[in-house]
Structure formats: structure tokens, C-alpha cells
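# Structural characterization, general
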Amino acid sequence: MLVATDDARIVDACASFGAQAVLTRPDHPSGTDRIAEVAAQLPEADTIVNVQGDEPEVQPEHVGALVRALIESGLPMATLCEPLDDASAANPNRVKVVTRADGRALYFSRSPIPHNRDGGPWPAGAGYRLHLGLYAYRREFLLAYPTLPPAPLEQAEKLEQLRALYHGYDIAVAEVTGHRPGIDTPEDYAAFVARWRGGLT
């Protein structure tokens, strides 16, 4: 495991408990660009998993599901999702994803997608799905990613995975359940700290 960061304080914090960290350039527009810089220094790594720092409670079985999705799909990139309740769909910090019948991503958005035009119960197989901030990549794709021009949709939504879709790369999406909440807001962080402290007592 490696921690990729542009902050020397994080490198020092990792060293204090024995984790290995790599200091990257500070000008990367996304986490995937940052991971690509580090991956270029690891020629033996043919599959790279990106667990973002705002997902501190990620479960090992979900990382396994992510890697299986990448391997079994044969695609250059994979990510995860889980069902999302309708009441949370309007929150722009909860990124939504819609997929094709074969499990490949159609689109990711901070807006509530899909739209249930007629209201009432969702048709079978429809409904909101929350995108989870974990990615797996094949090495050749990851090294190519920073050479792709930034996509207008990526810049508008501030979602790096849209660069891949915009330039014609498919993304496998595996559905899991029981994901523990990520940290997108100060309130999310406070809730995480409360859970963590509670687990210590």
C-alpha cells in the first residue's frame, strides 16, 4: 500500500505509524492524475486500486468486489455503487451513477439521476444508485489518463471519471451493499469521528 499526497505533513504523519507515502506534484487536477504519477514509478504493478482518503471505513470485501469487476469485465477501469434512498438523491455531495444492462457506466452526476418522470414506485431495476469513491485501473489506461484533455463535463461536475467516459473509455460498475459513509462535508467528518471514538470505548 502507498499513500499518494501533495502535502509533506501527510507524508510525515504516515511515517509516524509506518505507512509508506509518496510526495507528488501539487498541480494535479484529480486524484486519478495523482495516482498515475505514482504508478509510473511502479512498472511491476499491472492493476492499481485507488481508495480515496475520504473513504476511511472502506470494507475489504468491497475492495475485492472492485478488483473482480475490473478483471472479469476486461475494461480499463472499474468502480462501485450501492442503492441510494430517494431522500438523499438531491444532495450534490452524493454522486449518482446510471449504468447499462451490462453494468457499464452511462453517466455520473451530482444531480439526481435517473429522473422518475411519472413519480410513484420506480420501475423494476431503476432507482438511484450512489457512486462510491473507489477505483481500480489497468496500468496502461491509468498512465494514459493524464494525457487525455480535461472534459467539459468533468469540469462542470467536478467528477474525474467523466473524463474517461467523455473520451470513449468504458467503466465497469459493481454494486455492493453495506458501504460505510464517506466523508464529503464537515458534518460527515464529525459523524466519522464520533463512530471511531465510540469504537474505542
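The model shown is predicted, which means the values in this text are computed figures rather than measured ones.

What counts, and at which threshold
Residues numbered from 1 in each chain as written. Predicted model: local features only at pLDDT ≥ 70, side-chain atom pairs only at ≥ 80, totals over all residues. Heavy atoms only, no water. Helix = DSSP H or I, 4+ residues; strand = E, 2+ residues; numbered from the N terminus. Rg over C-alpha atoms; globule rule 2.2 N^0.38 Å. Contact = heavy atoms within 4.5 Å. Areas by Shrake-Rupley, 256 points an atom, 1.4 Å probe, with all protein chains shown as cover. Lys, Arg positive; Asp, Glu negative; His and termini not counted. Charge placed at Lys NZ, Arg CZ, Asp CG, Glu CD. Phe/Tyr/Trp six-rings, centres within 6.5 Å; stacked < 30°, edge-to-face > 60°. Buried < 20%, exposed > 50% of the residue type's maximum accessible area, 1.4 Å probe, protein only. Core = buried A, V, L, I, M, F, W, Y, C linked by side-chain atoms within 4.5 Å. Pairing = 2+ DSSP bridges. Expected span 1.5 Å × (residues − 1). Polar contact = N/O pair within 3.5 Å; in protein donor to acceptor, adjacent residues only side chain to side chain.

The next point concerns the overall build of the protein. Helix and strand counts for the protein come out as seven helices and eight strands. Relative to the globule expectation of 17 Å for 201 residues, the C-alpha radius of gyration of the protein, 17 Å, shows essentially globular dimensions. Its C-alpha atoms give the protein principal-axis dimensions of about 55 × 45 × 30 Å. Taking all contacts inside the protein whose residues are at least 6 apart in sequence as the whole, residues at least 24 apart take part in 63%. On the protein, roughly 11000 Å² of surface is accessible, and the fraction owed to carbon and sulfur atoms is 56%. A gap of 2 Å separates the mean positions of the 18 positive and 27 negative side-chain charges of the protein.

Under the counting rule described, the total for this entry stands at five aromatic pairs. Taking 6.1 Å as the distance between ring centres and 70 degrees as the angle between the ring planes, the aromatic pair formed by Phe141 and Tyr145 counts as edge-to-face. We classify Phe141 as buried; its relative accessible area is 3%. On the basis of an interplanar angle of 40 degrees and a centroid distance of 6.4 Å, the ring pair of Tyr189 and Phe192 is categorised as tilted. With Tyr189 and Phe192 both in helix H7 (residues 186-200) and three residues apart, the pair spans about one turn of that helix. With relative accessibility at 16%, the residue Phe192 sits in the buried group. Among the aromatic side chains, those forming a connected cluster through ring pairs are Phe141, Tyr145 and Tyr169.

Let us look at the nonpolar core. In this structure, Ile48, Met77, Ala105, Phe108, Tyr137, Leu142 and Ile171 are the most contacted members of the largest nonpolar core, which totals 23 residues. Looking at this core, the elements with two or more residues in it are helix H2 (31-39), strand S4 (77-83), strand S6 (105-109), strand S7 (129-138), helix H4 (139-144), helix H6 (161-166) and strand S8 (171-175). Discounting chain neighbours no more than four positions away, the residues touching Ile48 are Ile35, Ala39, Tyr135, Ala136, Tyr137, Arg139 and Leu142.

Side-chain positions along a regular strand alternate between the two faces of the sheet. The element S7 is extensively covered by neighbouring structure, given that nine of its 10 residues are classed as buried. Relative to S7, strand S3 (residues 47-51) runs antiparallel, the two sharing five bridges. Within S7, the residue paired with Asn50 across the bridge is Tyr135.

Another aspect to go through is helix H3 (residues 60-73). An α-helix turns once per 3.6 residues; consequently, residues spaced three or four apart project the same way. Between its terminal C-alpha atoms H3 stretches 20 Å, which fits the 20 Å expected from 14 residues at 1.5 Å a residue. Against S3, S4, S7 and S8 lie the buried residues of H3. Just downstream of H3 lies Gly74, where phi reads positive at about 75 degrees.

Quick look at the side chain of Glu57 now. Inspection of the secondary structure assignment puts Glu57 in the loop between S3 and H3. One polar contact links Glu57 to Arg195, side chain to side chain, over a distance of 2.5 Å. Other than its neighbours up to four places away in sequence, Glu57 contacts Arg180, Pro181, Phe192 and Arg195.

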